[in-house]
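Secondary and tertiary structure notes
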Amino acid sequence: MATFVDRVTLHLKAGHGGNGCVSVKREKFKPLAGPDGGNGGSGGDIVLLSDTDTTTLLGFHHSPHRSSQAGGPGMGDHRSGFQGEEMVLHVPVGTVVKNSEGVELIDMAEPGMRFIVAPAGQGGLGNAALASTKRKAPGFALLGTPGFEGDAQLELKVVADVALVGYPSAGKSSLVAAISAAKPKIADYPFTTLHPNLGVVQAGEVRYTVADVPGLIEGASEGKGLGLEFLRHVERCTALLHVLDCATLDPGRDPLSDLDIILQELAAYPVPEGQLPLLERPQLVALNKIDVHEGRELAELVRPELEARGYRVFDISTVSHEGLRPLSFALGELVGAGRAEKSANPANQRIVIRPRAVDDTGFKIRVDGGSGGNVYHVVGAKPERWVAQTDFANEEAVGYLADRLAKAGVENQLFKSGAVAGSTVVIGTIVFDWEPTLTSAAELATAPRGTDPRLDDNLRPTHGRRRESYLERMDAKTAAREELMRERNAGMWRDDEGFAIDRTVSDADVSADADASANATVNSEND
């Protein structure tokens, strides 16, 4: 049964947002008092919280599937849906979060850090929130958007002040058990330790943590043994303690050759950018197993050589506890000095400002060619969210989506990308044949430059034409009046059958008849 897990893949499902409500308020003597549909509630996020009380990812290993609460739907009388409760997952300090493709998202190296690893869905607006001066009674509401569904990788890098490094069976686990209250597994065969063991050491007024790194052999930085799996736990340590076995029975091995191989592997391991290389950190050497007579003799033999290299050497025995107290205080001094240096030179706070580009429309058009013609993908957070919020069974909601897309400039960009009427357009999960709205912008008119087919049937007269028509009507009116006056003076009028009659008329009758005759003449000419 696993007791220590430092890598795990989480299968996450954040809560979906609730749908908005379509409702009309009804009161006495007011059967239609206006829209009152409430908004849907947003779902709950899945949040990672770095916690010092959590030391392993074992819980996520047994239960990798996690989901948060969905938001409630909106209701009438302006009642909004309930907000989904967020799910907080406690992870050890030093956990690195990566996406499903292995790209690092955040390094939770400090206690109390919060990171939303799975954002929840957004609640949809009700018809009351969609009402405006131009849309007084919307008959639709927006749907809630789905929350994040996918995988996230957690990788634990143990946060310890001192890292114990050395060959298998050098006594690292025994040393942790001897100087702290930790109870790691100890046996007389190599690779007994299959995961790092942590222990807390109190040396005077300094309290620090130690961790043994198992499985370091020659080629560990290239994946041999267990070294590649656990070398990353050395990245965050302040000091290194080389535990050398002075009573090994393996032929061809001695403390000096073991140290050279371990140094070679530590130098070959790349640390993250901005961190101090492993070999440039403070290092001590512990010659272990001096309780054995041959081990004490070998320790006395190699001590001058190690001191000549600049190392501070301690002879210890994890069985008799000889030399452990001076070693623990020496490690405490290194840790205290490192903490003082860190507090004296705190890391500058990084403020990253990413202003929006001037030509950033919030979406992009990706054109994919195929045997059936080009397919135009509209890629962007806003258009995809708008599509997810649309109820395509409601024609008014579809029209609202079309207005939003046209206002955002999607049609203009499709036209510039070469799309024509009938082209296949994909937005999110929706595939449709594009029908451009020619009245949305002049750039969409597909006529030659300088012409516009929409103006061919424009019968609205110009100012000059209206003036010319007026003058023509006045001239015709004058001519008709003069003709009628001549006929009156002659006293000759004819009835409908053409017989001459004698009739006396007034000037008003002549003017009215002249106006009617002039209008008829002008209308016939225009026709």
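Residues numbered from 1 in each chain as written. Predicted model: local features only at pLDDT ≥ 70, side-chain atom pairs only at ≥ 80, totals over all residues. Heavy atoms only, no water.

Brief notes about the overall build of the chain
We count it as follows: What counts as a helix is a DSSP run of H or I of at least four residues, what counts as a strand is a run of E of at least two, and both are numbered from the N terminus. Three exposure classes are used, based on accessible area relative to the maximum for each residue type with a 1.4 Å probe and protein chains only: buried under 20%, partly exposed in between, and exposed over 50%. Contacts are residue-level and defined by heavy atoms, with any inter-residue pair within 4.5 Å sufficient.
In terms of regular secondary structure, the chain is built from 12 helices and 20 strands. Within the chain, the proportion of its 527 residues that are buried is 39%. For the chain, the proportion of contacts with a sequence separation of at least 24, taken over those separated by at least 6, is 67%.

Brief notes about helix α5 (residues 255–268)
Cut-off, in case you're wondering: Helix span is expected to be 1.5 Å times the residue number reduced by one. Distance and chemistry together define a polar contact, namely a pair of N or O atoms within 3.5 Å, with one atom able to donate a hydrogen and the other to accept it when in protein, and with adjacent residues in sequence counting only for side-chain atoms on both sides.
Taking 1.5 Å of rise per residue, 14 residues should cover 20 Å, and α5 covers 20 Å from first to last C-alpha, within 8% of that figure. Taken residue by residue, α5 has P255, L256, D258, L259, I261, I262, L263, E265 and L266 as its buried positions. Along its buried surface, α5 packs onto β9 (162–165), β12 (239–245), β13 (283–288) and α6 (293–308). Residue D254 occupies the N-cap position of α5, its side-chain oxygen lying 3.0 Å from the main-chain nitrogen of L256.

Focus on the packing of helix α8 (residues 381–388) against helix α9 (residues 395–408)
What counts, and what does not: For helices, the fitted line uses only the C-alpha atoms of the stretch in contact; every axis is such a line through C-alpha atoms, and the angle between N-to-C directions lies from 0 to 180 degrees. An angle below 35 degrees is treated as roughly parallel, one above 145 as roughly antiparallel, one from 65 to 115 as roughly perpendicular, and anything else as oblique. Each residue receives one of three labels: charged for Asp, Glu, Lys and Arg, nonpolar for Ala, Val, Leu, Ile, Met, Phe, Trp, Tyr, Cys and Pro, and polar for the others, Gly being one of them.
Across the interface, α8 lies against α9 with an axial gap of 10 Å and an inter-helix angle of 170 degrees. Judged by the inter-axis angle, α8 sits roughly antiparallel to α9. Of the residues in α9, those in contact with P383, W386 and V387 of α8 are L401, R404, L405 and A408. Of the residues assigned to the contact of α8 with α9, the class counts are six nonpolar, no polar and one charged.

Here we look at the confidence of the model for the chain
As a reminder, the rule being used: How sure the predictor is of each residue is captured by pLDDT, a score from 0 to 100.
When the pLDDT values of the chain are averaged, the result is 80; 79% of them are 70 or greater. Within the chain, helix α4 (residues 227–230) has the poorest average pLDDT of any element, 49, and strand β3 (residues 65–67) the best, 95. Throughout residues 185–194 the model reports pLDDT below 50, and contacts reaching past four residues in sequence, or to other chains, amount to 23 contacts. Note on residues 439–447: pLDDT under 50 across the span, and 16 contacts to partners over four residues away in sequence or across chains.

Here's the deal with the pattern of salt bridges
The condition that has to hold: Each salt bridge in this description consists of a side-chain nitrogen of Lys or Arg and a carboxyl oxygen of Asp or Glu lying within 4 Å of one another.
Taken as a whole, this structure holds 16 salt bridges when the rule is applied. Across the pair R7 and E155 runs a salt bridge, and its minimum N-O distance is 3.8 Å. Of this pair, R7 sits in strand β1 (residues 7–13) while E155 is found in strand β8 (residues 149–156), placing the two residues 148 residues apart along the sequence. Judged by its relative accessible area of 11%, E155 is buried. For the salt bridge of E468 with R465, the shortest nitrogen-to-oxygen distance reads 3.7 Å. Here E468 and its partner R465 are both found in helix α11 (residues 463–490), three residues apart, which amounts to about one turn of the helix. In this structure, a network of salt bridges that share partners links the residues R7, K98 and E155.

Things to note about α8
Every α-helix carries 3.6 residues per turn, so stepping three or four residues along brings you back to the same face. Using the following cut-off: Directions pointing from the helix axis toward each C-beta atom define the arc.
Of the residues making up α8, those classed as buried are P383, W386 and V387. Buried residues along α8 cover an arc of 100 degrees about the axis, so they all sit on one side. For α8, the secondary structure elements touched by its buried residues are β16 (375–379), α9, β17 (424–427) and β18 (430–433).

Digging into the sheet that holds strand β11 (residues 206–212)
Which entries qualify depends on this criterion: Any two strands with at least two DSSP-identified bridges between them are counted as paired.
Taken together, six strands build an open sheet; the order of strands is β10-β11-β9-β12-β13-β14 and the sheet is mixed. Whereas interior strands pair on both sides, the edge strands pair on one side only; in this sheet they are β10 (197–203) and β14 (312–315). On average, each strand axis in the sheet is inclined to that of its neighbour by 25 degrees, with strand direction left out of account. Packing against the sheet, α6 makes contact with β12, β13 and β14, and its axis sits at approximately 165 degrees to β14. Packed onto the sheet, helix α7 (residues 324–344) meets β9, β10, β11, β12, β13 and β14 and runs at close to 105 degrees relative to β11.

Quick notes on the sheet that holds strand β5 (residues 95–99)
The sheet built from five strands is open, its strands ordered β3-β1-β8-β5-β6 with mixed pairing. A single partner strand is all that each edge strand has here, and the edge strands are β3 and β6 (104–108). Neighbour-to-neighbour, the strand axes of the sheet open up by a mean angle of 25 degrees, direction not taken into account.

Description of the packing of aromatic side chains
Going by this rule: The aromatic pairing rule takes the rings of Phe, Tyr and Trp, using the six-membered ring of Trp, and pairs them if the centres are within 6.5 Å, calling planes under 30 degrees apart stacked, those over 60 edge-to-face and the rest tilted.
Summed over the entire model, instances satisfying the criterion amount to one aromatic pair. Look at F140 and Y400: their rings are 5.2 Å apart centre to centre, the planes differ by 45 degrees, and that puts the pair in the tilted class. Taken together, the positions of F140 in the loop between α2 (127–130) and β8 and Y400 in helix α9 put the pair 260 residues apart, joining distant regions of the chain. With respect to class, F140 is no different from Y400; both count as buried.

So, the pairing of β8
In the sheet, β1 pairs with β8 via seven bridges, with the strands oriented antiparallel. Paired with T9 across the strands is Q153, a residue of β8. Here five bridges tie β5 to β8, and the two strands are oriented antiparallel to one another. Paired with N99 across the two strands is A152, which belongs to β8.

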